Amino acid sequence: MLNSHPFLAGEGPILMAHRGGGAEVPENSLAALQHTSDLGLRYLETDAHATTDGVVVLLHDQLLDRTTTSTGLLTDRSWEELADVRDASGGALVRLDEALELFPHLRFNVDAKSDSVVGPLAELAARHPERVLVASFSDSRLRHLRALTPESATSLGQGEVARLVALSQLPLAAALPLARNVPAYRHAVAVQVPPQHRRIPVVTRRFVRLAHALGLAVHVWDADDAPTWQRVLAAGADGIITDYPTAARDWLTARGAWH
């Protein structure tokens, strides 16, 4: 039975716009949030770093160079020092607290990209438990966040995912008691994975079956074309995270699976 955390509430499959639909609009921008909302999506995947004064900013890279008019580390600046910085859409950088206010119907799947963002992000997640899920490749960041706000939604870190993939190779009756002894699997609400890793399939029926038995929803990133959407949903995945949300929404709609 899947976890009943309010972040996951609603009919599926979940469709998340990766960075707000990075192939369709400048990533992690206010325009990307508006694009996600205009498409009728309820979920947006994004990334976060913190300024020196603890403001959570939506940005994938630690460096400002690739996606903004500035250079250097975001984590070395205060929010005031970022006031004149513009992203590829021409807009100002986006604060997560303001995004939550501006788009009250959106739920934010936030990848904690640095250690310094964990504390400020935990505060926001605790204030908006039904609207914020914290993800990270780092197991230690997620452990820290779960300690700060145990009721907040999290997904699994890279090491936690790798262990789950390995356990899924066992028969379910053997894997389940071993998995139930792993604290992360008791606290997380979702596992977010690519369809495959180094040509090894990750999203298989056995993997999904084990995740579901633990109460974990399965969301698939790098899901950017119809064959992939078909394959992972057929395996039982609960959601897709894509750079092409318009195409994915239309594909789901054509199959009567868009809610």
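A short tour of the structure in this document, coming up.

Scoring rules and cut-offs
- Residues numbered from 1 in each chain as written.
- Predicted model: local features only at pLDDT ≥ 70, side-chain atom pairs only at ≥ 80, totals over all residues.
- Heavy atoms only, no water.
- Core = buried A, V, L, I, M, F, W, Y, C linked by side-chain atoms within 4.5 Å.
- Buried < 20%, exposed > 50% of the residue type's maximum accessible area, 1.4 Å probe, protein only.
- Helix = DSSP H or I, 4+ residues; strand = E, 2+ residues; numbered from the N terminus.
- Contact = heavy atoms within 4.5 Å.
- Pairing = 2+ DSSP bridges.
- Right-handed = clockwise from strand over helix to strand, strands pointing away.
- Arc of directions from axis to C-beta.

**A few points about the nonpolar core**
The biggest cluster of nonpolar side chains holds 37 residues, and the ones touching the most others in it are Leu156, Leu164, Tyr185, Val191 and Val218. Considering every element that reaches this core, the biggest residue donor is helix H8 (residues 205-213), with four residues. In this structure valine 218 touches Val191, Val193, Phe207, Val208, Ala211, His212, Ala237, Asp238 and Gly239, once residues within four positions along its chain are discounted. Membership of the second largest hydrophobic core comes to 25 residues, among which are Leu58, Leu106, Ala112 and Leu121.

**Digging into the pairing of strand E7 (residues 190-193)**
Both faces of E7 are covered, namely the face carrying Ala190 and Gln192 and the face carrying Val191 and Val193. As defined by bridge partners, E7 adjoins strand E10 (residues 217-221) across four bridges and the pair is classed as parallel. Each residue of the ladder has a partner; that of valine 193, found in E10, is valine 220.

**Regarding the pairing of strand E11 (residues 239-242)**
Residues of E11 alternate between two faces, with Gly239 and Ile241 on one and Ile240 and Thr242 on the opposite face, all of them buried. In this sheet, E11 lies alongside strand E1 (residues 14-18) in parallel orientation, the contact comprising four bridges. Each residue of the ladder has a partner; that of methionine 16, found in E11, is isoleucine 241. Taken together, the three bridges between E10 and E11 define a ladder with parallel strand orientation. Across the sheet, the residue bridging to tryptophan 221 is isoleucine 241, located in E11. Read as a crossover between parallel neighbours, the route from E10 over helix H9 (residues 226-234) to E11 is right-handed.

**Details of helix H5 (residues 158-167)**
Residues of H5 that are buried include every one of Glu160, Val161, Leu164 and Leu167, and no others. Each buried residue of H5 sits inside an arc of 125° when the element is viewed along its axis, so together they form one side. Where H5 is buried, its residues touch helix H4 (139-148), helix H6 (172-179), helix H7 (183-187), E7 and H8.

Interpretation note: all reported values are geometric properties and have no functional meaning in isolation.
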